[in-house]
Amino acid sequence: MEIKVGKATLRLIKDDITRLEVDAIINAANSSLAGGGGVDGAIHRAAGTVMDEECRHIISRIGALPTGEAVITSGGNLKTRHVIHTVGPIWHGGHKHEDSFLKNAYHNCMR
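Here's what I pulled together on the structure shown here.

Rules used throughout
Here the residue numbers are simple positions, counted from 1 along each chain's written sequence. For a predicted model such as this one, the threshold for reporting local features is a pLDDT of at least 70, and the threshold for listing and counting side-chain atom pairs is 80 or more; totals across whole chains, interfaces and linings nevertheless cover every residue. Only heavy atoms go into the side-chain values, all of them from the structure, while hydrogens and water stay out. Helix and strand definitions here come from DSSP, where helices need a minimum of 4 consecutive H or I residues and strands a minimum of 2 consecutive E residues; each element is numbered from the N-terminal end. A helix's residues, less one, multiplied by 1.5 Å, set its expected span. Any two residues whose heavy atoms approach within 4.5 Å are treated as being in contact. The buried label applies to any residue whose accessible area, calculated with a 1.4 Å probe on protein chains only, is under 20% of its type's maximum; exposed applies above 50%, and partly exposed to all values in between. Any two strands are treated as partners once DSSP identifies two or more bridges connecting them.

### Topic: helix H2 (residues 49–62)
Working step 1: Here H2 spans 20 Å end to end across 14 residues, near enough to the 20 Å set by a 1.5 Å rise per residue.
Working step 2: Looking at the buried side of H2, the elements it contacts are helix H1 (38–47), strand S4 (70–74) and strand S5 (82–86).
Working step 3: In the segment just after H2, Gly63 is the residue with positive phi, at about 80°.

### Comments concerning the pairing of S5
Working step 1: Within S5, four of the five residues are buried, which leaves the element mostly enclosed by the surrounding structure.
Working step 2: Looking at chain direction, strand S3 (residues 24–28) and S5 are connected through five bridges and run parallel. Note that in S5 the partner of Ala28 across the bridge is Thr86.

Just geometry here; none of it tells us what the structure is for.
Written as structure tokens, this is what we have:
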């Protein structure tokens, strides 16, 4: 599926995210950008030390990445050029502004 956004075209693809040859992928990261389990861990393992070092540099500069914010690194050993890392909210029943944090995460990734 393709979606036009201004002059850009977004393509939605169902595949192994670590094998895509695209401009960027979005990683649902943890606030330390350390690579956890699941997809986040798979991206970090496949990308290798270059991306890990970039993540460590970012965290040393800004501290923990706040929920709803996003940063970008190279793709390291991935075929993708860039990885956009964002921290999504943890659901607490909708009473802790989770919807605003999620909206910010999407917005900051596209920015």
